[in-house]
Amino acid sequence: MASAVVVLLGGCTSEGEQPQTPELEARGTVLTTVQPTRQDLVNQISLAGKVTINPTFGIVAPAGGELRFTDRQPTTVPVVRDTWVASVWAGGAPRRVYVPEGSIMAGRLMADKSPVSKGMPIISAKHVGYGIVADIDSAQAYRISGAVKSIKAQIKNGPGPFNCEPIGTIAALPAGTLPEPEPDPTTQPTANPSAPPVFKEEPAPDAGGATGSEPTGLQVVCVAPAKIKLINGSDVTLDVITGRSEDALVLPVEAVAGSQGRGKVDLVIGEERRRKTIDVTLGISDGKVIEIKKGLQGNETIAVPGPNLPTPPPGEVTG
């Protein structure tokens, strides 16, 4: 009986041994990698829009400088040609700003003589007639980035698909103002002070009713061909193409940190598979892959997921 006990105890684990567990990779070890590939790339976004009467859109500064408005007074009659309404002065030279044919000036978005940067909305306008408007969120806005190349529209249970010409900027607009014209004297002095005043002939007043434009959110505005029958309020699907790139070097979006042209990826180096974070220049994205314009040759091994961008300390603003 005693020998049986001894044999049984001899089969047990000794005190110095630890229970065996499956081996885990060391913290930070790269488990998933990809290599860059090449493909044709189209940045396309689908939006839900509506047919709208007299849609408002924004016109941006063509350059940075000082904004100066002309004395031209807005009307409710659409202009028959592109019409000069402001200039941006930079380096002693003006860059003119126009309200496009078929539209009316709806408001000034900034005060006269304000400093502006390139691409900043400075004037609101209204397309006279039917247009198509689609609201967008900030994530979509950064994919579109104001660089709409073309739009295809399909009206629900109606015409389409057809090309829809984009107008204006996608940026949200503040309320536009239409200041009163500078006061002009209506009489001229005469040689005889006792004689009745001589009134100057005044130009015919513009069509009334202009009170400035309402603020808008982020949106895409486009105009359909004249032959397309539109009904106000109809639902429309828009396919917005903001860029094309042939034979682009791409990575999955999960492998890249950053946006707006600047990004970072983690190279996987050596048998020890260590990470090295490098900067890359980004191009367009279709939401699945993103173009790498500079920073990679195409034969690198890249870690997935990409690097974590540092979190700024509380109260610190990054930009």
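Residues numbered from 1 in each chain as written. Predicted model: local features only at pLDDT ≥ 70, side-chain atom pairs only at ≥ 80, totals over all residues. Heavy atoms only, no water.

Peer 1: Looking at this model, I keep getting lost on the side chain of Ser213. Mind explaining?
Peer 2: Assignment of secondary structure puts Ser213 in the loop between β15 (198-199) and β16 (219-223). Residues contacting Ser213, with those up to four places away along its chain left out, are Thr56, Ala106, Ser124, Ala175 and Gly176. (Helix = DSSP H or I, 4+ residues; strand = E, 2+ residues; numbered from the N terminus. Contact = heavy atoms within 4.5 Å.)

Peer 1: Teacher, can you tell me more about the pairing of strand β2 (residues 37-53) here?
Peer 2: A regular strand carries its side chains on alternate faces of the sheet. As paired elements, β2 and strand β17 (residues 235-252) share 13 bridges and run antiparallel to each other. If you follow Ser46 over to β17, its bridge partner there is Asp239. Note: β2 against strand β10 (residues 130-135), five bridges, orientation antiparallel. By the bridge assignment for β10, Ile53 is matched with Tyr130. (Pairing = 2+ DSSP bridges.)

Peer 1: I keep staring at the pairing of strand β21 (residues 289-294) and nothing clicks. Help me out?
Peer 2: By the bridge criterion, three bridges tie β17 to β21 in an arrangement that is antiparallel. Its bridge partner lying in β21, Val250 is registered against Glu291. As judged from the three bridges shared by strand β20 (residues 274-285) and β21, these two strands associate in the antiparallel manner. Directly across from Leu282, in β21, lies its bridge partner Ile292. Between β20 and β21, which follow one another and run antiparallel, lie three residues, and Gly287 among them has a positive phi close to 95°.

Peer 1: I would appreciate a short explanation of the environment of Gly306 in the present structure.
Peer 2: Its place among the elements puts Gly306 in the segment after β22 (302-304). Residue contacts for Gly306: discarding those within four places in its chain leaves Glu254, Ala255, Val256 and Asp266.

Peer 1: Looking at this model, I keep getting lost on the confidence of the model for the chain. Mind explaining?
Peer 2: Residue-level pLDDT values for the chain average 82, and 77% of them are 70 or greater. Predicted confidence for residues 1-12 stays below pLDDT 50, and this span has zero contacts to residues more than four positions away or in other chains. For residues 21-25, every residue scores under 50 in pLDDT, and the model assigns this stretch one contact once sequence neighbours within four places are set aside. (pLDDT = per-residue confidence, 0-100.)

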